[in-house]
Each structure stands twice: as C-alpha cells, then as structure tokens.
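# Architecture and fold: a report
Here are the chains, one letter per residue:
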Amino acid sequence: DAMVIQNPRYQVTQFGKPVTLSCSQTLNHNVMYWYQQKSSQAPKLLFHYYDKDFNNEADTPDNFQSRRPNTSFCFLDIRSPGLGDAAMYLCATSSPSGYSYNEQFFGPGTRLTVL
Amino acid sequence: AQSVTQLDSHVSVSEGTPVLLRCNYSSSYSPSLFWYVQHPNKGLQLLLKYTSAATLVKGINGFEAEFKKSETSFHLTKPSAHMSDAAEYFCVVAGFGNEKLTFGTGTRLTIIP
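### Things to note about the overall build of chain B
When helices and strands are tallied, chain B shows zero helices and twelve strands. From first element to last, N terminus to C terminus, chain B shows the α and β order β-β-β-β-β-β-β-β-β-β-β-β. For 113 residues, the compact-globule formula gives about 13 Å, and the C-alpha radius of gyration of chain B, at 13 Å, lands near that figure. C-alpha extents for chain B along the principal axes are approximately 45 × 30 × 20 Å. A burial count over chain B gives 45% of its 113 residues as buried. Counted over contacts in chain B with a minimum sequence separation of 6, partners at least 24 positions apart contribute 56%. Roughly 5,400 Å² of accessible area belongs to chain B as shown, and the carbon and sulfur atoms make up 53% of that amount.

### Some thoughts on the interface of chain A and chain B
Each partner contributes residues to the interface: chain A has 25 residues there, and chain B has 25 residues. Buried area between chain A and chain B, both sides added, is near 1,900 Å², and the carbon and sulfur share of it is 50%. Here Lys-100 of chain B and Glu-57 of chain A are joined by a salt bridge, their closest N and O atoms 3.0 Å apart. Connecting chain A to chain B are seven residue pairs in polar contact (both at pLDDT 80 or more). Sorting the residues of the side of chain A that touches chain B by element identifies strand S4 (31-37), strand S5 (44-50) and strand S9 (87-94) of chain A as the ones contributing at least two each. Its residues assigned to classes, the side of chain A that touches chain B comprises 13 nonpolar, eight polar and four charged.

### Some thoughts on unusual backbone geometry
Residue and element names in this part refer to chain A. The omega angle of the peptide bond from Asn-7 to Pro-8 is -15 degrees, so this bond is cis rather than trans. Turning to its location among the elements, Pro-8 is positioned in the loop between strand S1 (4-7) and strand S2 (10-13). For Ser-40, which is not a glycine, the phi torsion comes out positive at approximately 60 degrees. Structurally, the position occupied by Ser-40 is in the loop between S4 and S5.

### Describing the packing of aromatic side chains
All names here are of chain A. Counted according to the given criterion, the structure contains 15 aromatic pairs over all chains. Summarising the aromatic geometry, the rings of Tyr-35 and Phe-106 are spaced 5.5 Å apart at their centres and angled 40 degrees between planes, so their arrangement reads as tilted. Of this pair, Tyr-35 sits in strand S4 while Phe-106 sits in strand S10 (residues 105-106), and the two are 71 residues apart along the sequence. Taken individually, Tyr-35 and Phe-106 each receive the classification buried, so the pair is uniform in this respect.

### With respect to the state of the cysteines
Joining two cysteines, a disulfide is a covalent bond between their sulfur atoms. Summed over the entire model, instances satisfying the criterion amount to two disulfides over all chains. At a sulfur-sulfur separation of 1.9 Å, the disulfide partner of Cys-23 of chain A is Cys-91 of chain A. With the S-S bond torsion at -75 degrees, the cross-link from Cys-23 of chain A to Cys-91 of chain A turns out left-handed. One end of the pair, Cys-23 of chain A, is in strand S3 (residues 19-25); the other, Cys-91 of chain A, is in strand S9, and 68 residues separate them in sequence. Given a relative accessible area of 0%, Cys-23 of chain A falls into the buried group. In this model, Cys-23 of chain B is linked to Cys-91 of chain B through a disulfide, with the two sulfur atoms separated by 2.0 Å. On the S-S bond that ties Cys-23 of chain B to Cys-91 of chain B, the torsion sits near -65 degrees, and the link is left-handed. Within this pair, whereas Cys-23 of chain B is found in strand S4 (residues 23-27), its partner Cys-91 of chain B is found in strand S10 (residues 87-94), the two being separated by 68 residues in sequence. Cys-23 of chain B sits in the buried class, given a relative accessible area of 0%.

### A few points about the pairing of S10 of chain B
All names here are of chain B. Counting buried residues in S10 gives eight out of eight residues, a clear majority hidden from the surface. In terms of strand pairing, strand S5 (residues 32-38) meets S10 through seven bridges, oriented antiparallel. Residue pairing across strands places Tyr-36 opposite Phe-90, the latter belonging to S10. Two elements, S10 and strand S12 (residues 107-112), share three bridges in a ladder whose sense is antiparallel. Note on S12: the bridge partner recorded for Ala-87 is Leu-109.

What counts, and at which threshold
Residues numbered from 1 in each chain as written. Chains lettered and ligands numbered in written order. Predicted model: local features only at pLDDT ≥ 70, side-chain atom pairs only at ≥ 80, totals over all residues. Heavy atoms only, no water. Helix = DSSP H or I, 4+ residues; strand = E, 2+ residues; numbered from the N terminus. Rg over C-alpha atoms; globule rule 2.2 N^0.38 Å. Buried < 20%, exposed > 50% of the residue type's maximum accessible area, 1.4 Å probe, protein only. Contact = heavy atoms within 4.5 Å. Areas by Shrake-Rupley, 256 points an atom, 1.4 Å probe, with all protein chains shown as cover. Buried area = accessible area lost by both parts, 1.4 Å probe. Salt bridge = Lys/Arg side-chain N within 4 Å of Asp/Glu carboxyl O. Polar contact = N/O pair within 3.5 Å; in protein donor to acceptor, adjacent residues only side chain to side chain. Nonpolar A, V, L, I, M, F, W, Y, C, P; charged D, E, K, R; others polar. Phe/Tyr/Trp six-rings, centres within 6.5 Å; stacked < 30°, edge-to-face > 60°. Disulfide = S-S within 2.5 Å. Pairing = 2+ DSSP bridges.

See the structure below:
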C-alpha cells in the first residue's frame, strides 16, 4: 500500500545533541510537510517543500532545519534540542495535481524525548 | 484568510448513542473542509472531506458531516458510538489554491461503556 513512513517511531536524545528524523513516501506526492505536535494540541506546521522549493513558517525556530534530497525522502534536523522540543513530529504529503489536492496524508509520527 | 473553531474541547457519550462534534469555519473563498482523527500516539487519519461536491459527506467508520454554508458549519456525526471511536478529532480547513491546512484545536471524544 502507498504510504508515508516515519523512522524512528520513538527517538530519545540528550539536551543539545543533534537529532535527525526521517520521512519517506511511496505516494509520489509533490509536497511534503513537517509538523510539531505537543500534548493535547493541534499540529503546528514547521515548514514544507513544494517539489524542491522550501517554505519556512515565520515562527519556526532556526534550530529546526529540513532537507529533501529527492521526491521520496524528507528529513527534519534539530540542531540543538531543548526540553521544549519534546513533542510528536508528524510528516505529511499532498499532491496538487488532483481535484482534492490539498488533502494531506500523514505518517504515524516520531515521538521525540529530550533528556 | 481562513480559520476553524471547534466548539467543544471534550465530548463524552455512552456507547451506542449518537455522536456530535461541532465545527464552524471561516474562509474568504470556497473552502475544502476535512475531519481527521488521531488515536493516542498515532498519526492523523482522514475521516472525510468536503470539496464543493455533495454537502452531505460520508466518511469511514460510519461518520458523516454536513456542509452548511449559511451557518458556516461542518459538524461531524455518527449514529451510534463505538468504544473504538475514542480519540482526538480535528476539524481542518484549506483555502482554494492553498497547500497549507488550518487546524482547529481538537475535540477529545470519550466513550462511556
């Protein structure tokens, strides 16, 4: 089945130690998104790629970076994680080529713990 | 600009009784509207979507929602709640030509045995 895959599902890192979260998709969608979701809150968009074009949200801290080496993969890099970065990180994809192009397909998420 | 308001942060219903989760939206253009469900420690799953076709939209697991332009509402309903429906539900709006979504704050649905 076509899907959005996130690895790892659970990640533990130390305060200040860089961490990379991975997302891959078999949907061949143009757009890939990264969201941060804290407990009992709605997902918050960090940034998204429209093909190779990177679109950063105005309030996304510089500590968060992203790479998209090809259509299938997208990475979230947290350069110096703080305790406040502990959250669920969700990857999503969408395709602008269809009628309902703005529907997003979500991965299962990576739960990040910062010690 | 677009926004969405979920009127209840928490809803509790008994198993077998109807479910109503309320959502009002605001959009400058004809919107696309979605309901997503999130079970604990899981990603978001699309329940149903409205994209300017039929105003009564049927989704998965017996859920449906009705788009009412005059009331700017998109309430989610289910005739009979099941224990497996316990989850967080998000009402989401997307504006025309906009690849970004605007989320409501979520409604936690609790099912009482």
